[in-house]
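So the chains spell out like this:
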Amino acid sequence: MASKGYVVVFGRGPVADDIFKAAQAADYRVVAVKDLRTIEREVAEATIVVEACVADHYRKYEALEAMGRALQPRAVLLADALPATVAECATWSGQPRRCVGYGVVAHLADQKIVELATGAATLDDALEQARTFFSELGHETRKVGDRPGLISGRTIAALANEAAWAVANGVASEGDVDRAMQLGTNYPRGPLAWAREIGPKRVVAILENMRRHEGDAYEPAPLLREIAGSKEPAQR
Amino acid sequence: MGGCGVAQDKGACTNTIIVIGAGTMGAGIAASAAAAGYAVALVESAASARERAAAGLTKTLGRLLPEGTAAADAFARISLVESLAQAPPGDLYIEAVPELLDLKHTVFAELDRVAPAPALLATNTSSLAVSEIAKATGRPQNVVGIHFFNPPALMKLVEVVRAEQSSEESVRAAVEFVERLGKVPVVVRDTPGFIVNRVARPYYLEALRAIDAGTADAESVDAILEGLGFKMGPCRLMDLIGLDVNLATTRSVYEATQLERLRPSPLQERMVAEGRLGRKSARGFYDYGK
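These numbers were taken from a predicted model, which means no experiment stands behind them. (Residues numbered from 1 in each chain as written. Chains lettered and ligands numbered in written order. Predicted model: local features only at pLDDT ≥ 70, side-chain atom pairs only at ≥ 80, totals over all residues.)

A.B. asks: In this structure, what is going on with the interface of chain A and chain B? I would like to understand it.
C.D. replies: How big an interface is tends to be reported as the loss of accessible area on association of its parts. At the junction of the two partners, chain A supplies 36 residues and chain B supplies 37 residues. At the level of secondary structure, the elements contributing two or more residues to the side of chain A that touches chain B comprise strand 6 (113-118), helix 6 (152-168) and helix 7 (174-185) of chain A. Class assignment for the residues of the side of chain A that touches chain B results in 18 nonpolar, nine polar and nine charged. (Contact = placed C-beta atoms within 7 Å. Helix = DSSP H or I, 4+ residues; strand = E, 2+ residues; numbered from the N terminus. Nonpolar A, V, L, I, M, F, W, Y, C, P; charged D, E, K, R; others polar.)

A.B. asks: Honestly, the sheet that holds strand 8 (residues 184-189) of chain B in this entry has me stumped. Any pointers?
C.D. replies: As a general point, the strands of a sheet are linked pairwise by backbone hydrogen bonds and lie either parallel or antiparallel. All names here are of chain B. The eight strands are arranged 3-2-1-4-5-6-7-8 in an open sheet whose pairing can be described as mixed. In the strand order of this sheet, the two ends are held by strand 3 (78-81) and strand 8, each with one partner. Averaged over all neighbouring strand pairs, the angle between strand axes comes to 25 degrees, with direction disregarded. Inspection of the sheet shows strand 1 (residues 16-20) paired to strand 2 (residues 39-43) by five bridges, in the parallel sense. Bridged to I18 within strand 2 is A41. Strands strand 1, strand 2, strand 3, strand 4 (92-95) and strand 6 (143-148) of the sheet are contacted by helix 1 (residues 24-35), whose axis makes an angle of about 170 degrees with strand 2. (Pairing = 2+ DSSP bridges. Axes fitted to C-alpha atoms, helices over the stretch in contact; angles between N-to-C directions.)

A.B. asks: Looking at this structure, how should I read the pairing of strand 7 (residues 140-143) of chain A?
C.D. replies: The two faces of a sheet get side chains in turn, since along a regular strand they alternate between them. Residue and element names in this part refer to chain A. With four bridges connecting them, strand 6 and strand 7 associate as parallel partners. Across the sheet, residue V114 finds its bridge partner in strand 7, namely T141. The parallel pair strand 6 and strand 7, bridged by helix 5 (residues 124-136), forms a crossover whose chirality is right-handed. (Right-handed = clockwise from strand over helix to strand, strands pointing away.)

A.B. asks: Could you clarify how one ought to interpret the domain arrangement of chain B in this entry?
C.D. replies: According to the domain assignment, chain B contains domain 1 (16-189) and domain 2 (200-281). Between the C-alpha centres of domain 1 of chain B and domain 2 of chain B there is a distance of 30 Å. (Domains from an automatic or database assignment.)

Take a look at the structure:
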């Protein structure tokens, strides 16, 4: 059976794992790459290249640069656009015309709609390839503007952050904040339990992205850093 | 039923609840208390509001207690009166008048005169500091917040607000009262917006900012977030709540905290100024043609 295309997924964590599995189930030929040293060899064969580094900025930069070097002229480079903007990812990759940002907060199956965003130089056919790919994986897509955290990431991160600041300010305990939010608002999960599930490191990375572009108003609460195990040395 | 629910002191019980203000919140609180077996006096000076409340109580109690004569019995436990002077002495007073500090002070100064010494004095405020309201009484240690959510008869969550001056006994009595209503009390410190009205702000604000920045339109924002499991997208929800009501909550939390991330959205200010208030004005983020 002819496969739809050759997909390379780079990264660790639920975003990479879920896209890998969903692509496999949708009859793509797909390979998961976790080691940066082998990435160029795989990318050179691929039609769809997915970067899912999730949190670590430096690793993301290195990965996109390596992927960009080996990218085929007609391939699309899908960059995780929650911890960095599409403009940044496009620049790092050196392939601004082929780079499309996508927003998957954690588990692909939890999200009916996948947001897509383009950079200033992204070509229409690259966006079309991105749409087709996620649609084959069973997800609707919506194109949104290139804003830090897109819609999904920034909403969940900002809610988790407000909840974490409320705990830090002694408003109530973590458990009580989550319980109150679930009972009082019908949110699918308590914001802090949700942050733990997504991975506090990822939530902090999304907030840091918002903070870099929009200012200190989005400073991640110490509690989020603590549970992410990445407390700033200055605060020790 | 009846029985001894909330012990203020050893031996004494809370059996009579006085609710001041028969708007949506006051009437709903009165219905919940009557349904749980308390004797309730609902105090409302406006005759029209009393009539509306009586009709609303019948409906709410019918929904809460659908079997036999339970609803009628509960209704019989509620007396609708014009003034505090006409109400029996209460064990717990719950103020549910509009969110104006002067008005709340007037009510609490009167409670100070008429309420028995051990009575628990509670405010249902959502946006004012409980410690500020308590200043109108000579017994601030008896004052707590008991913050219900709309509609009060149905929403399980109640924030019990422990203010600086609230005694442990007062907080405990409030928690026991809420539990006896079959609701879930969460004790919260006396801070702007308490838990829910504060922590929910970003849900609305980030949507407003995204739309204002041209990141996405209201329909896309709603679809994306509903696709993540939120029951109602933020724009649809603001249309339901009323953009003016939602903005007032954001303003009060922002003014009290001065946190930049909670600053009200200029888009929402413009929409409210233009009368685009949501469903009630037939136009908000969406059109609701009349």
